[in-house]
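# Results of the structural survey
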Amino acid sequence: MSGSSYTSLVRDLPSTVPFVGPETQERAMGRPFRARLGANENGFGPSQKAVEAMARAAGEVWQYGDPENHDLKKALADVHGVKSDNIIVGEGIDALLGYLTQMIITDKTPVVTSLGAYPTFNFHVSRAGGTLHMVPFHGDHEDPEALLTKAKETKAPLIYFANPDNPMGTWHNADVVQSLIDQVPDGSLLILDEAYIEFAPAGAAPPLDVTNDKVIRFRTFSKAYGMAGARIGYGIGEARLIDAFNKVRNHFGVNRIAQIGALASLHDEEHIPRVRELVNRARNRIKQIAEKNGLSALESTANFVAIDCGRDGAYAKAVLNGLAEQGVFVRMPGVPPQNRCIRVSTGPDAALEIFAETLPIVIAGLQA
Ligand SMILES: *Cc1c(COP(=O)(O)O)cnc(C)c1O
């Protein structure tokens, strides 16, 4: 096919990916990472009940999944006290962000987010032909007031806000988030990305209100549920908004094994408390490691910790590269001033001990 057959969008877009995968880095290095602490995956793993259910389902994988995601939607609706009509299941939050941008964005539609917030959202906005308007973080937090001001100024139909935030791990209390929801201008929709909400204190999530069509909440099985590789997540919102996804979604996109695993992990009531406890301990350990090396850890309520390397982005990048050379995969924020930090995911003790061994070597090497 000749280049001229592509849409102008594809011809004009730069070839970017929001995240370079650790596998790509491993191929480039010619060896695997020793500690995988960069992608906010849940190294403590999925629910054992989910593992067993998925193993049983493997032999049935010749069957497509249920395109309606009926049983999972019903279970999620019960958990959240809403109706199945208020739930959309998709191939992770990432896919749902893709569908939503497709539903709302046309040529140059203004969209508001924070500078340095979740880059996959930005990728979907650009891919749909929208124009991003980004407001700075305020004190390492996403800034609801600034988002609202920018949304009013640009008349953006779409506003993105994550709570807890990635990459800093900071969060706002429910009253702040509720006030943001209440002030969403007419004609705008707030995406409340709650990928890490299961780790947050009880007071971080405002109550669900599925009568409000100005907000959609996104949740995932990738983080607390430890099923990132299964690619499954969901949105909660007003029924007509949810139904609109059916016009654009890939109806057989969610795979059967993921549906079965997600359902089993929802029914395992011990899983989330167990993971919260392990993540809590791992966060403290990361903080300890940072402090032992003269660095400070930001207060986090997610399954990762941003470590302030104390200097500029170039220095944090050198720390990150040094860690990669030592076989430790971490990531870092993309823009100043947040990029003075590296972002370290929680994980099992063995991985954190490798991080504890290698960080002083890396820092000593940089000071030499
Ligand atoms: C990890 C993450 C996601 C991705 O979720 P998937 O369900 O795996 O696509 C979405 N939003 C934020 C803020 C994340 O950090």
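Scroll up to find the structure.
These notes cover the structure that comes with them. Predicted model only: the values in this text are computed from it and were never measured.

### Considerations on the site of the ligand
In the vicinity of the ligand there are 13 residues, among which Asp-193, Tyr-196, Thr-220, Ser-222 and Lys-223 approach most closely. A distance of 2.6 Å separates an oxygen atom of the ligand from a polar side-chain atom of Ser-222. Within the side chain of Lys-223, one N or O atom sits 3.2 Å away from an oxygen atom of the ligand. For the ligand, whose unbound accessible area comes to 390 Å², protein coverage reaches 94%. Put simply, the ligand lies in the second largest pocket. Broken down by element, the residue count for the shell around the ligand peaks at three residues, all from helix H5 (residues 92-104). When the residues that make up the shell around the ligand are grouped by side-chain class, the tally is five nonpolar, four polar and four charged.

### Some details on the sheet that holds strand E6 (residues 189-193)
As a general point, the strands of a sheet are linked pairwise by backbone hydrogen bonds and lie either parallel or antiparallel. The strand order across the open sheet built from seven strands is E2-E8-E7-E6-E5-E3-E4, with neighbouring strands paired in mixed fashion. Two strands close off the open sheet at either side, each with one partner strand: strand E2 (87-90) and strand E4 (131-135). Put simply, the sheet's adjacent strands are angled 20° from each other on average, direction ignored. Of the strands in this sheet, strand E3 (110-114), E4, strand E5 (158-162) and E6 touch helix H6 (residues 119-127), which is tilted by about 150° from E4.

### Quick notes on the side chain of Asp-140
Of note, Asp-140 is situated in the loop between E4 and helix H7 (144-154). Accessibility expressed as a relative area gives 14% for Asp-140, which makes it buried. Discounting chain neighbours no more than four positions away, the residues touching Asp-140 are Met-168, Thr-170, Leu-298, Gln-338 and Arg-340.

### Structural notes on helix H13 (residues 349-367)
Over its 19 residues, H13 extends 27 Å from the first C-alpha to the last, a length consistent with the 27 Å expected when each residue adds 1.5 Å. Its axis deflected by about 25° at Thr-358, H13 carries its strongest bend there, up to four residues before the proline Pro-360. Among all positions of H13, only Ala-351, Leu-352, Ile-354, Phe-355, Ala-356, Thr-358, Leu-359, Val-362 and Ile-363 are buried. Looking at the buried positions of H13, the neighbouring elements they touch are strand E1 (35-36), helix H11 (271-292), strand E10 (304-308), helix H12 (313-325), strand E11 (328-329) and strand E12 (341-345).

### A look at the packing of H5 against H6
Two numbers describe how H5 lies on H6: the axes approach to 9 Å, and their chain directions differ by 30°. It follows that H5 is roughly parallel to H6 by the angle criterion. Here the hand of the crossing between H5 and H6 comes out right-handed. Residues Asp-94, Leu-97, Gly-98, Thr-101 and Gln-102 of H5 lie in contact with H6, whose contacting residues are Thr-120, Phe-121, His-124, Val-125 and Arg-127. Here the contact of H5 with H6 is composed, by residue class, of three nonpolar, five polar and two charged.

### Description of the side chain of Arg-256
As for its position among the elements, Arg-256 is in helix H10 (residues 256-267). Separated by 3.4 Å, the side chains of Arg-256 and Glu-60 make a polar contact. Once you skip the residues sitting within four places of it in the chain, Arg-256 turns out to touch Glu-60, Gln-63, Tyr-64 and Gly-65.

### Section: the environment of Ile-361
Mapped onto the secondary structure, Ile-361 falls in helix H13. Given a relative accessible area of 47%, Ile-361 falls into the partly exposed group. For the pair Ile-361 and Leu-323, spaced 38 residues apart in sequence, the C-alpha separation works out to 8.9 Å.

### Let's talk about the environment of Phe-252
Position of Phe-252 among the secondary structure elements: in the loop between helix H9 (239-244) and H10. Note: C-alpha distance between Phe-252 and Gly-65 (187 residues apart in sequence) is 6.6 Å. What Phe-252 contacts, discounting residues up to four positions off in sequence, is Tyr-64, Gly-65 and Pro-67.

Cut-off values and rules
All residue numbers refer to position in the chain's written sequence, counted from 1. Reporting in this predicted model follows two pLDDT cut-offs: at least 70 for local features of residues, and 80 or more for side-chain atom pairs to be given and counted; totals over whole chains, interfaces and linings ignore these cut-offs and use all residues. Note that water and hydrogens are dropped before the side-chain values are worked out from all heavy atoms of the structure. Distances are taken per atom, and a residue is near a molecule or strand as soon as one of its heavy atoms is within 4 Å of it. We call two N or O atoms a polar contact when they sit within 3.5 Å, provided that within protein one can donate a hydrogen and the other can accept it, with sequence-adjacent residues counted only if both atoms are side-chain atoms. To be clear on the numbers: accessible area is Shrake-Rupley with a 1.4 Å probe, and residue cover counts the displayed protein chains and nothing else. The rule is simple: put a 1 Å grid over the protein atoms alone, call a set of points where a 1.4 Å probe fits but cannot get out a cavity, call an open set with protein on both sides within 12 Å along at least five of seven lines a pocket, and count a residue as lining if it has an atom within 4 Å of a point. For this analysis, a molecule is said to be in a pocket or cavity if more than half of its atoms are within 2 Å of the grid points defining it. A run of H or I in DSSP becomes a helix once it reaches four residues, and a run of E becomes a strand once it reaches two; helices and strands are each numbered from the N terminus. Nonpolar residues are Ala, Val, Leu, Ile, Met, Phe, Trp, Tyr, Cys and Pro. Charged residues are Asp, Glu, Lys and Arg, and all others, Gly as well, are polar. A pair of strands is labelled paired if DSSP reports no fewer than 2 bridges between them. Every axis corresponds to a line fitted to the C-alpha atoms, with the helix fit spanning only the stretch in contact, and the corresponding angles, defined between N-to-C directions, vary from 0 to 180 degrees. Note on definitions: a residue-residue contact is assigned when non-hydrogen atoms from the two residues lie within 4.5 Å. We call a residue buried when its accessible area falls under 20% of the maximum for its residue type, exposed when it is over 50%, and partly exposed in between, using a 1.4 Å probe and counting protein chains only. Expected span of a helix: the number of residues minus one, times 1.5 Å. At any given residue, the bend is defined as the angle formed between two axes, one fitted to the seven residues that end at that position and one fitted to the seven that begin there. Any angle between 65 and 115 degrees counts as roughly perpendicular, while under 35 counts as roughly parallel, over 145 as roughly antiparallel, and the rest as oblique. What makes a crossing left-handed is the near helix being turned counterclockwise from the far one by less than a right angle; a clockwise turn instead makes it right-handed.

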